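# Understanding the architecture of this molecule
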Amino acid sequence: MTSLKNKTALITGSTSGIGLAIAHALARAGANIMLNGFGDEKEIEAIRVSLEKTYNVSVRYSSADVANKAALETMVKDTVKTLGALDILVNNAGIQYVAPVIEFPDEKWEAILAINLTAAFRLSKLALPHMIQSDWGRIVNIASAHGMVASPFKSAYVAAKHGLVGLTKTVALEMAESNITCNVLCPGYVKTPLVEKQIAEQAKVHNLSEDRVVKDILLAAQPNKKFIKPENLADLVLFLCSDSAEGMTGEVIAMDGGWTAH
Ligand code: NAD
């Protein structure tokens, strides 16, 4: 089993969905965790304490808005100060907005690019010096099948996720001769709050029931017709953080039920 004992992982957007599953997987392997994301203060504190107790690791929480450059600097400083290092960075925080390009609100475009792409650039820039110093590091970016192919009505998300794939490959090449890897995961649909919101929005755009959106639109592209499980993605992140994955860098890895095999 992979041991991440004495490693520290910063996972953005880890108060919910895929990021929270990744926090569980890395903590189970012994990593100390910096949680990040929004939500109810009491619920987040309960998550933090439960992770600490269940896995016997140190867990801290940062409420940094990843769209805010100064907040990212503070979060990285706090991670190193309170947990002693920054060995693993998972750029997972993401938002979605669905609308035809001619109606797409400029502020939604800007927010999606800032949260889903620019934050990953800024955090990589801030985390890499710590990884270089300890001569070991793992960056895992969470893109989407939409980092490889497009769908209508998702211009900003598709652009940001394609950008994240490009950023991953560049960081991987710059770090290739070190013990630092950078990879990107491209999940298909995972039933999390992000997708539940999307189902409602797509139902409005297409004037369909939510059941029809799931069957005819979301999972229409996903040949296995099943949602991906967050814990399966988290296991893949854990593998990428292991020594067995030391030769994997700049990889674009799909877990999408066959979607991008089309
Ligand atoms: P989610 O909505 O359940 O979780 C998103 C997390 O990001 C939450 O913790 C939220 O608080 C946090 N977040 C949002 N904006 C933030 C900000 N400005 N600063 C800090 N944290 C912020 O969504 P999820 O489905 O778990 O998505 C996680 C990632 O996986 C996203 O990047 C998403 O694009 C990607 N993804 C999701 C799916 C899917 O089907 N759910 C598929 C492919 C890729």
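Residues numbered from 1 in each chain as written. Predicted model: local features only at pLDDT ≥ 70, side-chain atom pairs only at ≥ 80, totals over all residues. Heavy atoms only, no water.

The next subject is the side chain of Asn32. Within the secondary structure layout, Asn32 lies in strand S2 (residues 32-36). Among the residues examined, Asn32 registers a relative accessible area of 16% and is labelled buried. Reaching out from Asn32, the side chain makes a polar contact with the backbone nitrogen of Ser58 at a distance of 2.9 Å. Each residue touching Asn32, except ones within four places of it in the same chain, is listed here: Lys7, Thr8, Ala9, Val57, Ser58 and Leu83. (Helix = DSSP H or I, 4+ residues; strand = E, 2+ residues; numbered from the N terminus. Buried < 20%, exposed > 50% of the residue type's maximum accessible area, 1.4 Å probe, protein only. Polar contact = N/O pair within 3.5 Å; in protein donor to acceptor, adjacent residues only side chain to side chain. Contact = heavy atoms within 4.5 Å.)

We now examine the sheet that holds strand S4 (residues 88-91). Read from one edge to the other, the open sheet built from seven strands follows the order S3-S2-S1-S4-S5-S6-S7, with strand pairing classed as parallel. Every interior strand has two partners, whereas the edge strands, strand S3 (59-62) and strand S7 (252-255), have only one. When strand polarity is set aside, the average angle formed by the axes of neighbouring strands in this sheet is 20°. Strand direction decides the pairing type here: S2 and S3, joined by four bridges, are parallel. Across the sheet, the residue bridging to Asn36 is Ser62, located in S3. (Pairing = 2+ DSSP bridges. Axes fitted to C-alpha atoms, helices over the stretch in contact; angles between N-to-C directions.)

A few words now on the site of the ligand. Close to the ligand lie 30 residues; Ser16, Asn92, Tyr157, Val190 and Thr192 are nearest. In this structure, an oxygen atom belonging to the ligand sits 3.3 Å away from a main-chain N or O atom of Gly13. Within the backbone of Val66, one N or O atom sits 2.9 Å away from a nitrogen atom of the ligand. When the ligand is considered free in solution it has 820 Å² of accessible area, and contact with the protein chains removes 94% of it. Counting only elements with at least two residues in the shell around the ligand, the list comes to helix H1 (17-28), helix H5 (155-174) and helix H6 (193-206). If one sorts the elements of the shell around the ligand by residue count, H6 sits on top with three residues. Class assignment of the residues belonging to the shell around the ligand gives a composition of 16 nonpolar, twelve polar and two charged. Each of domain 1 (8-189 + 229-255) and domain 2 (191-227) accounts for three or more of the residues forming the shell around the ligand. (Near = heavy atom within 4 Å. Areas by Shrake-Rupley, 256 points an atom, 1.4 Å probe, with all protein chains shown as cover. Nonpolar A, V, L, I, M, F, W, Y, C, P; charged D, E, K, R; others polar. Domains from an automatic or database assignment.)

Read these as geometric descriptors, not functional statements.
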